[in-house]
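# Observations on the model geometry
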Amino acid sequence: MAGLAEKVSEFVTGNDFDKLPPDVVPAAKAAFLDCVGVALAGSEEESARICGALARQESRAAEATVIGQGFRTSATLAALCNGTSAHALDFDHSYLMGQPTAGLIPAVLTMGEATEASGRDVLAAYVAGFEVVSRLARSMPQLSTHGHWHATSSFGTVGAAACCARLAGLDAGATRNALGIAASMASGMVWNFATMTKPLHSGLAAQNGVLAARLAGQGFTSSPAALEEGKGVFDCFGRGLECDASPFETLGRSFDLTGIGISVKPYPCGGLTHSAVDAVLELRQEGLRPDQVDSMRVGVTSQVFDRILNALPSNGIESKFSMPYILARALVDGALVLDTFTDEAAADPTVRRIAENIVMELDTGLVETADGARPADVAVRLKDGGELRRRVDHSRGRPEKPLTPAELREKFDTCAARALDAEQVGQVAELIGGLEGLDSIRELCEMLAGSERF
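The sections below set out a description of the structure shown in this document. (Residues numbered from 1 in each chain as written. Predicted model: local features only at pLDDT ≥ 70, side-chain atom pairs only at ≥ 80, totals over all residues. Heavy atoms only, no water.)

## Topic: the overall build of the chain
Applied cut-off: Helix and strand assignments come from DSSP, with helices taken as H or I runs of at least 4 residues and strands as E runs of at least 2, each series counted from the N terminus. Note that the radius of gyration is over C-alpha atoms, with the globule rule given as 2.2 Å times the number of residues to the power 0.38. Burial status follows relative accessibility: with a 1.4 Å probe on protein chains alone, a residue under 20% of its type maximum counts as buried, one over 50% as exposed, and anything between as partly exposed.
When helices and strands are tallied, the chain shows 20 helices and six strands. For the chain, the C-alpha radius of gyration of 24 Å lies close to 22 Å, the compact-globule estimate for 454 residues. Its C-alpha atoms give the chain principal-axis dimensions of about 80 × 65 × 50 Å. The 454 residues of the chain split such that 46% are buried.

Structure follows, in structure tokens:
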């Protein structure tokens, strides 16, 4: 229904008490009376008691670091903040299903700090969560493309719960409960891309993972069928889609983290655009200049066409997902950096004039591969009547074209310098490099705090 959101918003904002029909108010009050009465009675039940016990602990706790903001808070709130931060720039590495680590590592750091975990335990917990997420992604490969769930959140929540259950020392039964609890917390729509809610998805995944593990650790229960094939996650999230749980058969015997590998982003924008970015940068390196370009067409796969904006951005967040703006910037600047995607940069009139002549088109001949590669075909029409063309099948940073160790370290240094001084940046890198040797990750987490800046 066209205009549904506007219609709903108008109703909500205009629904004053004085406009309510006479019979609605008594009905609403009856609903209040019933709900509050039941809640009072329910407050004595075990499920409510466990939630209350956790709430008391949270209100007294300053148990985990909020990365880069110079303070500590409860584990669940720290996980929410840190998971959101990890995905806020859309610069975090990707995988088959999106960006799994943006929720997992914040959950691991937060829960690990709260439990005084060692570096070895933190690494083992992350790997466990990653492998669970990977198997889910491989079992339902169409979940993000046709199901429209943002797997960073939907699968990431379950993976984060696996990480946190491992760090909480839960036994197999309690871990199963944590995974089942997390399955009911899982959420996230792709339609919230190009807004603040996209990074919130990874924040919620991290927070939900911590909360699910803590609830399970207190005896909270869930269905044992929550992760069973044909039921639970598979039936709920994969409804109508092809699902096959066979990837779980090799869990613990092979590791997707190295067998398939992650893709480290060289550009701080939507990864779905990166093949096209590489094509434009290659043409620019070969001599193409902005003043030569009359227009540009970029053919993309169906997933890219559905998820990426084919219009000029209105702000910095949207600019990370605007194909015309991103390619215009690549053509003009020859690079895409953090400052490329500010509100001010997105308003640059020179870049916007070029972007107005860049169009993204669905190319049915381009197909996303099973390992997540998304080819792009860029055609540039020159003002002198000529044409340049470049197709890129595998973007930079993917396992086929990995960044060098020097490029990885430069990316870390550039990003970390936004919240830490140069000495701290080096110290954090050294601690992560020797993570398996840390008896407790608290020193690392405390250093990640930076100073209070907001």
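## Topic: the side chain of Ser139
Heads up, the condition is: For the purposes of these results, a polar contact is taken to be a pair of N or O atoms within 3.5 Å, where, inside protein, one atom must be able to donate a hydrogen and its partner to accept one; residues adjacent in sequence count only when each atom of the pair is a side-chain atom. The contact definition used throughout considers only heavy atoms, calling two residues in contact when any of these lie within 4.5 Å.
Relative to the assigned elements, Ser139 resides in helix α6 (residues 119–139). With relative accessibility at 1%, the residue Ser139 sits in the buried group. Within the structure, Ser139 has its side chain in polar contact with the backbone oxygen of Arg135 (distance 2.7 Å). Excluding its chain neighbours within four sequence positions, the residues that come into contact with Ser139 are Phe234, Glu242, Cys243, Asp244, Ala245, Pro247 and Phe248.

## Brief notes about unusual backbone geometry
Its identity is not glycine, yet Asp90 carries a phi of approximately 55°, on the positive side. Position of Asp90 relative to the elements: it lies in the loop between α4 (75–88) and α5 (101–114). At Glu116, a position not held by glycine, the phi torsion is positive, near 55°. Along the chain, Glu116 falls in the loop between α5 and α6.

## Regarding the packing of aromatic side chains
Let me state the cut-off plainly: Side-chain rings of Phe, Tyr and Trp (the six-membered ring for Trp) are treated as a pair once their centres are within 6.5 Å; stacked means planes under 30 degrees apart, edge-to-face means over 60, and tilted covers the remaining angles. Criterion for a charge above a ring: Arg CZ or Lys NZ at most 6 Å from the ring centre, at most 35 degrees from the ring normal.
Under the criterion given, the structure shown has five aromatic pairs. Note on Trp149 and Phe237: the rings are 4.6 Å apart at their centroids and 70° apart in plane angle, and the pair reads as edge-to-face. Residue Trp149 is located in the loop between α6 and α7 (151–168), and its partner Phe237 is located in helix α10 (residues 232–237); the two are separated by 88 residues in the primary sequence. The exposure class of Phe237 is buried, given its relative accessible area of 6%. Following the ring pairs from residue to residue traces out a cluster consisting of Tyr95, Tyr126 and Phe130. A cation sits over an aromatic face here: Arg307 above Trp191, 5.7 Å from the ring centre. One residue, Lys411, lies across the ring of Phe91, its end atom 4.1 Å from the ring centre.

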